Amino acid sequence: MLDESNSQIVEVKLIDFGSAFKFDSEMNVNATTPEYLAPEMLTFLNALTKSKEPKSTMSSKLKEMCQPWSFDVWALGVIIIEIITGFPIWLSAKSKMMTVQKKPKVGAGVFGVKGRDLPKILNAQTNFMKGMNLNIKKLDNYLIYKGNTDLINLLESMMNVDPAKRISPKEITEHPFC
């Protein structure tokens, strides 16, 4: 959390590990909130329901294209977008919130779809990423963006749909926005 009195991060707590799994074993993923999952994981989970291929083979293929941290980096990018917009990323119904200017705002989560349909969530992610700069500018309810191209670059790097091109945790700490 940011302590505004001295502009320093004082403490950060991450919670809700409902979709957590061990990367080095066969992937048993519980997608309770699939909107936070990286596109490759959504594709994997969707394929599990349709493929005749053994789950272990599919897990191995997914691991070959990812780093153990690539899912977490994507999810952190999603959390940052959630903070910027002020709406839970998964919220499919319109809801009301107050902006930093104390104005009521109606909106929904940017990846929220009715029925939590995995292909629809993947489509929402893809569409949001195509227009990241415009989307962030339009949905910034807490005046975080302020034209900061480093923020957009960081989010685009964290949420690259190709996990092999996704920024690493170390690179995040060295990014100009951080």
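What counts and how
- Residues numbered from 1 in each chain as written.
- Predicted model: local features only at pLDDT ≥ 70, side-chain atom pairs only at ≥ 80, totals over all residues.
- Heavy atoms only, no water.
- Helix = DSSP H or I, 4+ residues; strand = E, 2+ residues; numbered from the N terminus.
- Buried < 20%, exposed > 50% of the residue type's maximum accessible area, 1.4 Å probe, protein only.
- Contact = heavy atoms within 4.5 Å.
- Areas by Shrake-Rupley, 256 points an atom, 1.4 Å probe, with all protein chains shown as cover.
- Axes fitted to C-alpha atoms, helices over the stretch in contact; angles between N-to-C directions.
- Left-handed = near helix turned anticlockwise from the far one by under 90°.
- Nonpolar A, V, L, I, M, F, W, Y, C, P; charged D, E, K, R; others polar.
- Phe/Tyr/Trp six-rings, centres within 6.5 Å; stacked < 30°, edge-to-face > 60°.
- Salt bridge = Lys/Arg side-chain N within 4 Å of Asp/Glu carboxyl O.
- Core = buried A, V, L, I, M, F, W, Y, C linked by side-chain atoms within 4.5 Å.
- pLDDT = per-residue confidence, 0-100.

**Topic: the overall build of the protein chain**
The helix and strand tally for the protein chain stands at seven helices and four strands. Counting from the amino terminus, the protein chain carries its helices and strands in the arrangement β-β-α-α-α-β-β-α-α-α-α. Classification of the 178 residues of the protein chain by burial places 37% in the buried group. Here the analysis covers contacts within the protein chain between residues at least 6 apart in sequence; of these, 53% occur between residues at least 24 apart. Accessible surface computed for the protein chain: about 10700 Å², of which carbon and sulfur atoms make up 56%.

**Focus on the packing of helix H3 (residues 70-85) against helix H5 (residues 132-139)**
The N-to-C vectors of H3 and H5 enclose an angle of 40°; their axes lie 8 Å apart at closest approach. Where H3 crosses over H5, the two elements pack in a sense that is left-handed. Across the interface between the two elements, Ile-81, Ile-84 and Thr-85 from H3 touch Met-132, Ile-136 and Leu-139 from H5. Residues belonging to the contact of H3 with H5 are distributed by class as follows: five nonpolar, one polar and no charged.

**Considerations on the packing of aromatic side chains**
The tally for this structure, following the rule as stated, stands at one aromatic pair. With a centroid separation of 5.8 Å and an interplanar angle of 90°, the aromatic rings of Phe-111 and Phe-128 are classed as edge-to-face. Of this pair, Phe-111 sits in the loop between strand S4 (104-107) and helix H4 (118-130) while Phe-128 sits in helix H4; the two residues are 17 residues apart in sequence, bridging distant segments of the chain.

**Comments concerning the pattern of salt bridges**
Under the counting rule described, the total for this entry stands at four salt bridges. A salt bridge links Lys-61 to Glu-53, with the nearest nitrogen and oxygen atoms 2.6 Å apart. For Lys-61, a relative accessible area of 45% translates into the label partly exposed. The partly exposed category is assigned to Glu-53, whose relative accessible area is 30%.

**Let's talk about the nonpolar core**
Counting residues in hydrophobic clusters, the biggest one holds 36 residues, and the most contacted among them are Ile-81, Phe-111, Phe-128, Met-132, Ile-136 and Met-159. Taken together, the elements giving at least two residues each to this core come down to helix H1 (39-48), helix H2 (55-64), H3, H4, H5 and helix H6 (149-158). Among the elements that line this core, the one with the most residues is H3, at six residues. With residues near it in sequence (within four places) discarded, Met-159 still touches Trp-74, Gly-77, Val-78, Ile-81, Phe-111, Met-129 and Met-132.

**Considering unusual backbone geometry**
Positive phi is not limited to glycine here, since Arg-116 has a value of about 50°. Considering the arrangement of structural elements, one finds Arg-116 in the loop between S4 and H4. One non-glycine residue, Lys-146, adopts positive backbone phi at about 45°. Here Lys-146 shows up in the loop between H5 and H6.

**Thoughts on the confidence of the model for the protein chain**
This prediction gives the protein chain a mean pLDDT of 83; 83% of its residues lie at or above 70. Element-level pLDDT for the protein chain is lowest in strand S1 (residues 2-3), with a mean of 50, against a maximum mean of 95 in H6.

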